[in-house]
Amino acid sequence: MITRALAGQTVSALALGTANFGGIGSARRLLGQGESEAEAHALLDCALALGITLIDTAGSYADGASEAMIGRWLRTRTATERAQMKISSKVGLREGLSAQTIERAVTQSLVRLGIDTLDFYLAHIPDPTIAWPDVMETMTRLQEAGSIRACGLSNVAASDIAACLTAANRPAFVQNRFNLLDQVDAETGVMAMCRESGLDYTSYSPLAGGLLSGRYAYAEKVPEGSRLALRADLYADLWKPDLDAQIRALKALADAQGMSLSGLAVWWLVHHPAVTTVMLGARTPRQLEQLVRDVLELPFDAALFAATGAAARIGS
């Protein structure tokens, strides 16, 4: 497994995202539509066997069920295995980022996970009612108390990062949506600001809600019941007429390498110079194994990296 330094801690370049444990993300209307506990534990077992050492969750995923499932799994592992795993969680999606909220939420997360310290803790989304320096001050107190080791920001714009950089204590990394079909952070200065400020960058939604699996062909309406339909708030802007041409071009490149389209999409992210780690939201151990195999078996190829990026920009 490729390893990287994230906020000063060594982690695998591929992480397991657990937004689907017990539900679909943080949407209460989708509670129970994600992986069952047995399925979640099978994915965690597979991740451990593949050398994945970073697990990403949030207090709002399935109303805490994701964290609780991870916690019960951790209790089944040996001390050595538990020590290998780094846990990242988030706060503030529903309740905001006041000091009281963050302090209460981190305690709840630690209890559900059954651990004493979170390796990484992120502000899930900006809270317009709380100044970023105040959020950073709260996170610093959590670090000093030993509740967390490092803090970060998620779903932020360059202006949010800039506001945090004025604080006495700064975040260590950013976690945003970034993939071949959605490269907004490269275009709006987010990645440049992270690079210039020494912040690491982790990407989620590497397959763009399944669009980069190649399962969908563009039509007037998003397929009912699909991940795209369930999370239209995240992916509706990517459902456009150029999609078919983009997918055909990318699939041709993947086929030439004897790998899956999904694998190529993740491989491109792993080798992107601005990306530290990539969150994989695989639904089954088989999917997770395929993605990891595709990424690890193909060394970096500058020409393929450039061609993949160009194929994703068709029509844009």
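Colleague: So what's going on with the overall build of the chain? Which residues, and what values?
Modeller: A tally of helices and strands in the chain yields 14 helices and 10 strands. Relative to its 316 residues, the chain shows a buried fraction of 53%. Sequence separation of at least 24 residues holds for 74% of the intrachain contacts in the chain that already meet a minimum separation of 6. As displayed, the chain has an accessible area near 13000 Å², and 51% of this comes from carbon and sulfur atoms.

Colleague: Please set out the nonpolar core residue by residue, giving values where relevant.
Modeller: Counting residues in hydrophobic clusters, the biggest one holds 79 residues, and the most contacted among them are Tyr-121, Met-139, Ile-161, Trp-267 and Leu-288. One finds Leu-6, Ala-15, Leu-54 and Phe-120 within the second-largest nonpolar core, a separate group that totals 10 residues.

Colleague: Lay out the packing of helix 11 (residues 243-257) against helix 14 (residues 302-312) in plain terms, naming residues and giving numbers.
Modeller: Two quantities define a packed helix pair, namely the angle between the axes and the distance from one axis to the other. The geometry of helix 11 relative to helix 14 is characterised by a closest axis approach of 8 Å and an angle of 160° between their N-to-C directions. Relative to helix 14, the element helix 11 is oriented roughly antiparallel. In this structure, helix 11 meets helix 14 at a crossing whose hand is left-handed. Residues Gln-246, Ala-249, Leu-250, Leu-253 and Gln-257 of helix 11 pack against Leu-304, Ala-307, Thr-308, Ala-311 and Ala-312 of helix 14. When grouped by side-chain class, the residues that make up the contact of helix 11 with helix 14 number seven nonpolar, three polar and no charged.

Colleague: Can you lay out the packing of aromatic side chains for me, pointing to particular residues and giving the numbers?
Modeller: For the structure on display, the rule yields six aromatic pairs. Ring geometry for Phe-120 versus Phe-173: centroids 5.6 Å apart, planes at 80°, classification edge-to-face. Of this pair, Phe-120 sits in strand 6 (residues 118-123) while Phe-173 is found in strand 8 (residues 173-177), placing the two residues 53 residues apart along the sequence. Look at Phe-173 and you get buried, because its relative accessible area is 1%. Look at Phe-178 and Trp-268: their rings are 6.0 Å apart centre to centre, the planes differ by 25°, and that puts the pair in the stacked class. With a gap of 90 residues between them, Phe-178 in the loop between strand 8 and helix 7 (184-187) and Trp-268 in helix 12 (residues 261-270) connect regions that are remote in the sequence.

Colleague: So what about the sheet that holds strand 8? Which residues, and what values?
Modeller: An order of 3-4-5-6-7-8-9-10 is seen for the eight strands of this closed barrel, with the pairing classed as parallel. Averaged over all adjacent pairs, the angle separating strand axes in this sheet is 30°, with direction ignored. With three bridges connecting them, strand 7 (residues 148-154) and strand 8 associate as parallel partners. Following the sheet pairing, Leu-153 is matched in strand 8 by Val-174. Sheet strands in contact with helix 8 (residues 190-197) are strand 8 and strand 9 (200-204), and its direction is about 150° off that of strand 9.

Colleague: Break down the pairing of strand 9 for me, with residues and values.
Modeller: With respect to burial, strand 9 is a largely interior element, five of its five residues being buried. The alternating pattern of strand 9 places Asp-200, Thr-202 and Tyr-204 and Tyr-201 and Ser-203 on opposite faces, both of which are buried. Across five bridges, strand 8 lies against strand 9 in parallel orientation. Residue pairing for strand 9: Phe-173 is matched across the bridge by Asp-200. Looking at chain direction, strand 9 and strand 10 (residues 277-280) are connected through two bridges and run parallel. Paired with Thr-202 across the strands is Thr-277, a residue of strand 10.

Colleague: Residue-level account of the environment of Ser-36, with values.
Modeller: Relative to the assigned elements, Ser-36 resides in the loop between strand 3 (14-17) and helix 1 (37-50). Spatially, the C-alpha atoms of Ser-36 and Met-69 are 9.0 Å apart, while their sequence positions differ by 33 residues.

Colleague: Go over the layout of surface pockets, please, and point to the residues and values.
Modeller: By volume, the second largest pocket amounts to about 240 Å³. Considering the residues around the second largest pocket, the lining is formed by 17 residues, among which Gly-59, Ser-60, Arg-94, Glu-95 and Gln-108 are closest to the centre. Elements that contribute at least two residues to the lining of the second largest pocket include exactly strand 5 (86-91) and helix 4 (99-113). It is helix 4 that provides the largest number of residues to the lining of the second largest pocket, a total of six residues. Classifying every residue of the lining of the second largest pocket gives three nonpolar, seven polar and seven charged.

Colleague: Outline unusual backbone geometry, supporting the account with residue identities and numerical values.
Modeller: Positioned with a positive phi, Asn-155 is a non-glycine residue whose angle comes to about 55°. One can find Asn-155 in the loop between strand 7 and helix 6 (158-164).

Colleague: Before we move on, could you go through the pattern of salt bridges and cite the residues and values that matter?
Modeller: Taken as a whole and judged by the stated rule, the model has 12 salt bridges. For Glu-137, the salt bridge identified is with Arg-141, shortest N-O distance 3.5 Å. Within this pair, Glu-137 and its partner Arg-141 are both found in helix 5 (residues 132-145), separated by four residues, close to a single helical turn. Under the relative-accessibility criterion, Arg-141 is labelled partly exposed at 34%. Taken together, the salt bridges that share partners define one network made up of Asp-45, Arg-77 and Glu-81.

Parameters and conventions
- Residues numbered from 1 in each chain as written.
- Predicted model: local features only at pLDDT ≥ 70, side-chain atom pairs only at ≥ 80, totals over all residues.
- Heavy atoms only, no water.
- Helix = DSSP H or I, 4+ residues; strand = E, 2+ residues; numbered from the N terminus.
- Buried < 20%, exposed > 50% of the residue type's maximum accessible area, 1.4 Å probe, protein only.
- Contact = heavy atoms within 4.5 Å.
- Areas by Shrake-Rupley, 256 points an atom, 1.4 Å probe, with all protein chains shown as cover.
- Core = buried A, V, L, I, M, F, W, Y, C linked by side-chain atoms within 4.5 Å.
- Axes fitted to C-alpha atoms, helices over the stretch in contact; angles between N-to-C directions.
- Parallel < 35°, antiparallel > 145°, perpendicular 65-115°, else oblique.
- Left-handed = near helix turned anticlockwise from the far one by under 90°.
- Nonpolar A, V, L, I, M, F, W, Y, C, P; charged D, E, K, R; others polar.
- Phe/Tyr/Trp six-rings, centres within 6.5 Å; stacked < 30°, edge-to-face > 60°.
- Pairing = 2+ DSSP bridges.
- 1 Å grid on protein atoms, 1.4 Å probe; cavity = no way out; pocket = protein on both sides within 12 Å on 5 of 7 lines; lining within 4 Å.
- Points joined across faces, edges and corners; volume = space filled by probe spheres on them.
- Salt bridge = Lys/Arg side-chain N within 4 Å of Asp/Glu carboxyl O.

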